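# A closer look at the structure
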Amino acid sequence: MRHRHPAAMAALAAVLMITGCTTSSNSVDTTKTTAIQPASKDVSASDLAEGKAQFREANYGLAEKHFRKAVELKADNAEAWMGLAASYDELGRFDFADRAYDQLLKVAGRKPQIVNNMGYSQLLRGNKTKARVLLLEAKAHMADPTVVDANLALLNKS
């Protein structure tokens, strides 16, 4: 059994009495802290930019890595989901591309640009019928169908 020192107990009691608890409603701690800064910008922006740069350079594996990180950091980043899906298409990972397109549709809705990319994805897979349906759907809703027309021309060539 341990012995308690009376002097230590008295010191502890004094500290507790001095610091005590306050019940006043005006006791909000207003101490400023600098340990955690508020997020002032999109934390996924640098990965999105790097993903786009890698995609333009046809480094699809690196593009996928950055787009994937961007969506992990900000799950509602439609542009990153689009880049991720397109990267998977270029890598021939159509199973992952489909999952990315599904997430993209949940985040951004069924927009013509997305449907166009989904059509191009089907073209890459050799699914001509499905590609045509999606590309025509996209063309019907686009103000400038230039990109869709180019994809349809590719489809007609194959």
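Our structure is the block above this text.
All values derive from a computational prediction rather than experimental measurement.

What follows is about the packing of helix 6 (residues 112-125) against helix 8 (residues 146-157). Where helix 6 contacts helix 8, the axes come no closer than 11 Å and their chain directions differ by 15 degrees. On the basis of their axis angle, the class for helix 6 and helix 8 is roughly parallel. Crossing hand, helix 6 versus helix 8: left-handed. Taken together, the residues of helix 8 that come into contact with helix 6 (itself represented by N116, Y120 and L123) are V147, V148, N151, L154 and L155. Of the residues contributing to the contact of helix 6 with helix 8, the split by class is six nonpolar, two polar and no charged.

This part is about the pattern of salt bridges. All told, the structure shown has eight salt bridges when counted by the stated rule. Here K52 and E79 are joined by a salt bridge, their closest N and O atoms 2.4 Å apart. Taken as a pair, K52 in helix 2 (residues 45-56) and E79 in helix 4 (residues 78-91) lie far apart in primary sequence, 27 residues in all. When its relative accessible area of 42% is taken as the criterion, E79 is described as partly exposed.

Time to look at the packing of aromatic side chains. Enumeration according to the criterion identifies two aromatic pairs in this entry. Arranged with centres 5.0 Å apart and planes meeting at 70 degrees, the rings of F55 and Y60 form a pair that is edge-to-face. Residue classification places F55 among the partly exposed positions, given a relative accessible area of 26%. For Y60, a relative accessible area of 22% translates into the label partly exposed. Where Y88 meets F96, the ring centres are 5.3 Å apart and the plane angle is 35 degrees; that geometry is what we call tilted.

Turning next to helix 6. Its 14 residues give helix 6 an end-to-end C-alpha distance of 20 Å, which sits within 8% of 20 Å, the value for a rise of 1.5 Å per residue. Those residues of helix 6 that sit buried are I114, V115, N116, M118, G119, S121, Q122 and L123. In this structure, the buried side of helix 6 is in contact with helix 4, helix 5 (94-108), helix 7 (128-141) and helix 8. At the C-terminal side of helix 6, G126 shows a positive phi close to 90 degrees.

The rules we used
In this convention, every chain numbers its residues from 1, walking through the sequence in written order. Residue-level local features of this predicted model are given only where pLDDT is at least 70; pairs of side-chain atoms are given and counted only at 80 or more, and the full residue set underlies all totals for whole chains, interfaces and linings. By convention in this description, side-chain values take in all heavy atoms of the structure and omit both hydrogens and water. Helix axes are fitted only over the stretch in contact, all axes being lines through C-alpha atoms; the angle between N-to-C directions runs from 0 to 180 degrees. Each helix is a run of DSSP H or I of at least 4 residues and each strand a run of E of at least 2, with the numbering of both proceeding from the N terminus. Convention used here: angles under 35 degrees read as roughly parallel, angles over 145 as roughly antiparallel, angles from 65 to 115 as roughly perpendicular, and any remaining angle as oblique. Definitions for this section: a left-handed crossing has its near helix turned counterclockwise from the far helix by less than a right angle. A right-handed crossing has that turn clockwise. Any two residues whose heavy atoms approach within 4.5 Å are treated as being in contact. Three classes are used, and their members are as follows: Ala, Val, Leu, Ile, Met, Phe, Trp, Tyr, Cys and Pro are nonpolar, Asp, Glu, Lys and Arg are charged, and the others, Gly among them, are polar. Salt bridges are identified by distance alone: a Lys or Arg side-chain nitrogen within 4 Å of an Asp or Glu carboxyl oxygen. The rule is simple: take the accessible area with a 1.4 Å probe, protein chains only, and divide by the maximum for that residue type; under 20% is buried, over 50% is exposed, in between is partly exposed. Two rings belonging to Phe, Tyr or Trp (six-membered ring only in the last case) form a pair when the distance between their centres is within 6.5 Å. Interplanar angles under 30 degrees mark stacking, angles over 60 mark edge-to-face geometry, and anything in between is tilted. To estimate how far a helix should extend, the number of its residues minus one is multiplied by 1.5 Å.

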